Amino acid sequence: MPRHLTGFFAGGRLTAIPVRPAVRHQLLVHLTGTLFDAARSYSEREVNDALRTVHDDTAALRRYCVIDGLLVREKDGSDYQVAAR
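Per-chain numbering applies: the sequence of each chain, read as written, is numbered from 1 onward. In keeping with the model being predicted, local features are shown solely for residues with a pLDDT of at least 70 and side-chain atom pairs are shown and tallied solely at 80 or more, while totals for entire chains, interfaces and linings include all residues. The basis for the side-chain values is all heavy atoms of the structure; hydrogens and waters are excluded.

Engineer: Could you clarify how one ought to interpret the nonpolar core in this entry?
Structural biologist: Within soluble globular proteins, side chains that are nonpolar tend to cluster in buried spots. Definition of nonpolar core: a set of buried residues of the types Ala, Val, Leu, Ile, Met, Phe, Trp, Tyr and Cys, connected through side-chain atoms within 4.5 Å. To sort residues, take the accessible area from a 1.4 Å probe on protein chains only and compare it with the maximum for the residue type: under 20% means buried, over 50% means exposed, and anything in between is partly exposed. Counting residues in hydrophobic clusters, the biggest one holds 19 residues, and the most contacted among them are Leu-27, Leu-31, Phe-36, Val-47, Leu-61 and Leu-71. The element that contributes the greatest number of residues to this core is helix H1 (residues 21-35), accounting for four residues. Contact definition: two residues touch when any of their heavy atoms are within 4.5 Å. Apart from the residues within four sequence positions on either side, Leu-61 is in contact with Leu-14, Ile-17, Leu-28, Leu-31, Leu-51, Val-54 and His-55. Under the scheme used here, helices are H or I runs from DSSP no shorter than 4 residues and strands are E runs no shorter than 2 residues, and both carry numbers assigned from the N terminus.

Engineer: Please explain the packing of aromatic side chains as it appears in this structure.
Structural biologist: The way to describe two aromatic rings as a pair is by their centre distance and the angle between their planes. Centres within 6.5 Å are what make two rings of Phe, Tyr or Trp a pair, Trp counting through its six-membered ring; a difference in plane orientation under 30 degrees is then read as stacked, over 60 as edge-to-face, and the rest as tilted. Per the counting criterion, the structure on display carries one aromatic pair. Ring geometry for Phe-36 versus Tyr-42: centroids 5.1 Å apart, planes at 80 degrees, classification edge-to-face. Tyr-42 shares its class with Phe-36; the two are buried.

Below is the structure:
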């Protein structure tokens, strides 16, 4: 984990979602890189379960990941995949 992100964690959990977009993006890159396997797809429930391991606001984290282009979502929301980099 990048050093400048460690202040957002306590006891392995995310204590706050960064407000600054650049910092939030770096956090999301770290989370998607550690929580998801690029070789498979995930249901919304699986994405929520993975994100819940670090923070309870899974909807916000999931939405930010999609907006930032880190997770790609099917139009009906049934399937998520790590975006190709």
